[in-house]
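The residues making up each chain are set out below.
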Amino acid sequence: MTTLNEKLQALKVIPVIAIKDANDAVPLGKVLVENGMPCAEITFRTPAAAQAIKNLREAFPEMLIGAGTVLTSKTVDEAIDAGVDFIVSPGFNPTTVKYCQQRNMPIIPGVNSPSLVEQAMEMGLTTLKFFPAGPSGGVPMLKSLTAVYPVSFMPTGGVSPANINEYLDINAVLACGGTWMVPADLIDNREWDKIGQLVKEAVAALK
Ligand SMILES: O=C(O)C(=O)C[C@H](O)[C@H](O)COP(=O)(O)O
């Protein structure tokens, strides 16, 4: 069986999506799948998140779907009920981590310092989000962390076509998260062709 880490590593880039209307999930999923990015992190920053995940899961059973911006155990339950493969949080919240572990659901919490990496390792985690990657020191900071800790990372926040390959060149980086190929205004205006073009360009830019 392919592990979550192997899937992330194969995908290299995970679109981080805020969706306002759950009816937009399937057309959006279609352009992602058709342009070589069969994955999505749907953030729980909009009330439509859970229904959007359900719609995506039903339409694209093979898609790798994560829940983003998961801040509480209640949201963990909602995300699991909706059918996610993994959970992502912006920060490191031991309560949420413990709850995901109890429910046997992979969680990739955000960290941006040596102390937080160590606290996450203490809880048995080996895959972490580096967030917010750019403002926290970007590639040089992540290289300093990966030189010390045997942990895999998913940098997110400030990743762009200009720097994604630098992040991916770091051995411990599985994949990067980003919003540049799924801008909120294009989703709101249902500009699926434009999003498809951005997705295609993002995939083509990967080394
Ligand atoms: O809420 C979360 O869980 C997040 O991951 C936050 C974001 O969506 C990133 O900040 C994306 O950053 P950009 O790619 O720079 O737009």
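Everything here concerns the structure above.
I will try to describe carefully the structure that is included in this document. Keep in mind it's a predicted model, so treat the numbers as computed, not measured. (Residues numbered from 1 in each chain as written. Predicted model: local features only at pLDDT ≥ 70, side-chain atom pairs only at ≥ 80, totals over all residues. Heavy atoms only, no water.)

1. Some remarks on the state of the cysteines
Should the sulfur atoms of two cysteines be covalently bonded, the bond is a disulfide.
Working step 1: Tallying each qualifying case throughout the model produces 0 disulfides.
Working step 2: Of all cysteine sulfurs, the one in cysteine 39 lies closest to cysteine 176, which takes part in no disulfide; the gap is 12 Å.
Working step 3: For cysteine 176, a relative accessible area of 0% corresponds to the buried category. (Disulfide = S-S within 2.5 Å. Buried < 20%, exposed > 50% of the residue type's maximum accessible area, 1.4 Å probe, protein only.)

2. Notes on the packing of aromatic side chains
Working step 1: Here the structure, examined in full by the defined rule, presents 1 aromatic pair.
Working step 2: Between phenylalanine 130 and phenylalanine 153, the aromatic rings sit 6.5 Å apart at their centres with planes inclined by 80°, giving edge-to-face as the arrangement. Of this pair, phenylalanine 130 sits in strand β6 (residues 127–130) while phenylalanine 153 sits in strand β7 (residues 152–155), and the two are 23 residues apart along the sequence.
Working step 3: The class of phenylalanine 153 is buried, set by a relative accessible area of 0%.
Working step 4: Just above the ring of phenylalanine 131 sits the side chain of lysine 129; from NZ or CZ to the centre is 4.7 Å. (Phe/Tyr/Trp six-rings, centres within 6.5 Å; stacked < 30°, edge-to-face > 60°. Helix = DSSP H or I, 4+ residues; strand = E, 2+ residues; numbered from the N terminus. Lys NZ or Arg CZ within 6 Å of the ring centre and 35° of its normal.)

3. A short note on the site of the ligand
Working step 1: Around the ligand, the neighbouring residues are Val16, Glu41, Arg45, Thr69, Lys129, Phe131, Thr156, Gly157, Gly158, Gly178 and Thr179.
Working step 2: Here an oxygen atom of the ligand sits 2.9 Å away from a polar atom, N or O, in the side chain of arginine 45.
Working step 3: Here an oxygen atom of the ligand sits 2.7 Å away from a polar atom, N or O, in the side chain of threonine 69.
Working step 4: Burial of the ligand by the protein chains amounts to 79% of its free accessible area of 410 Å². (Near = heavy atom within 4 Å. Polar contact = N/O pair within 3.5 Å; in protein donor to acceptor, adjacent residues only side chain to side chain. Areas by Shrake-Rupley, 256 points an atom, 1.4 Å probe, with all protein chains shown as cover.)

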